[in-house]
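A closer look at the structure
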Amino acid sequence: MTITLKPHSTVLFAGDSITTLWRPEGEDRCGYPLLVAGEWSFRHPGRPITWIDTADAGHTVTDLQARWRTDVLDAHPDVVSILVGVNDNGRHTFDPSRREISADEFAAGYGRLLAPLAEAGTELILIEPFLLPVEGVTEAGDIRLDADVRRDWRAGLDPKIQAVRHLAAEYGTHLITADRMFAELSAETGPEHWSEDGVHPTPAGHCALAEAWLRLVA
């Protein structure tokens, strides 16, 4: 069943650099929240919506928890869309002060984000974290990614993806299976078309996320 966005509803996006739009230096592109807002507004000029993006680069579930009250709950959104997990999965690889986060810890923290929203009757859209199988050595900001790093990240990410799927079923939320979607798209065109570093989407990748998101609303 789709979510009906009523006039003057508030839609809030939360997450990390993918949602707040990290992009290569000197390159301009639109992130999926802006694409969603623009396309929705074009299709439904008689139903104005307030769009809020509270995402922050590098954030984990724990980081979101620290500001969940002020950034999300106090806004009293009607719909909340969440994409988080890649930093929970891999930040310890490059930051010695960070320890590895287990799938159980990730799921418990994620559940604490969802519980007050579910209690308030907020519509929820969860986007599972993803990692595209690009090859060679690439850079994501100051982070250098090679085959060994991606292999470790893949092993850690799979159980976290499963955790998001289980939470979506537990809370009865909408779910965008982004990792599966990008794997299928990559089989047709190659992964670099959708993400050059395997983490941050290209313009085409952001468009794919936006199209998947828009299919959930009416």
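The structure we're discussing is the one just above.
Residues numbered from 1 in each chain as written. Predicted model: local features only at pLDDT ≥ 70, side-chain atom pairs only at ≥ 80, totals over all residues. Heavy atoms only, no water.

1. What about unusual backbone geometry?
- Look at His8: it is not a glycine, yet its phi comes out positive at around 70°.
- Mapped onto the elements, His8 comes out in the segment before β1 (10–15).
- Since its relative accessible area comes to 64%, His8 is described here as exposed. (Helix = DSSP H or I, 4+ residues; strand = E, 2+ residues; numbered from the N terminus. Buried < 20%, exposed > 50% of the residue type's maximum accessible area, 1.4 Å probe, protein only.)

2. A word on the packing of aromatic side chains
- Within the structure shown, the criterion is met by 6 aromatic pairs.
- Pairing Phe13 with Trp51 gives two aromatic rings, centres 6.5 Å apart and planes at 20°, and the pair type is stacked. On the criterion of sequence distance, the pair formed by Phe13 in strand β1 and Trp51 in strand β2 (residues 50–53) is long-range, its members being 38 residues apart.
- Under the relative-accessibility criterion, Phe13 is labelled buried at 1%. (Phe/Tyr/Trp six-rings, centres within 6.5 Å; stacked < 30°, edge-to-face > 60°.)

3. Some words on the nonpolar core
- Ranked by internal contacts, the top residues of the largest apolar core, which has 36 residues, are Leu209 and Trp213.
- Elements represented by at least two residues in this core include exactly β1, α2 (32–43), β3 (79–83), β4 (123–127), α7 (147–171), α8 (178–189) and α9 (203–214).
- Among the elements that line this core, the one with the most residues is α9, at 6 residues.
- Aside from chain neighbours lying at most four places away, what touches Trp213 is Val11, Phe13, Val36, Trp51, Val79, Ser81, Ile125, Ile127 and Ile176.
- Counting residues in each nonpolar core, the second largest holds 21 residues, with Ala14, Val80, Val84 and Val164 among its members. (Core = buried A, V, L, I, M, F, W, Y, C linked by side-chain atoms within 4.5 Å. Contact = heavy atoms within 4.5 Å.)

Function cannot be inferred from these measures alone, as they are strictly geometric.
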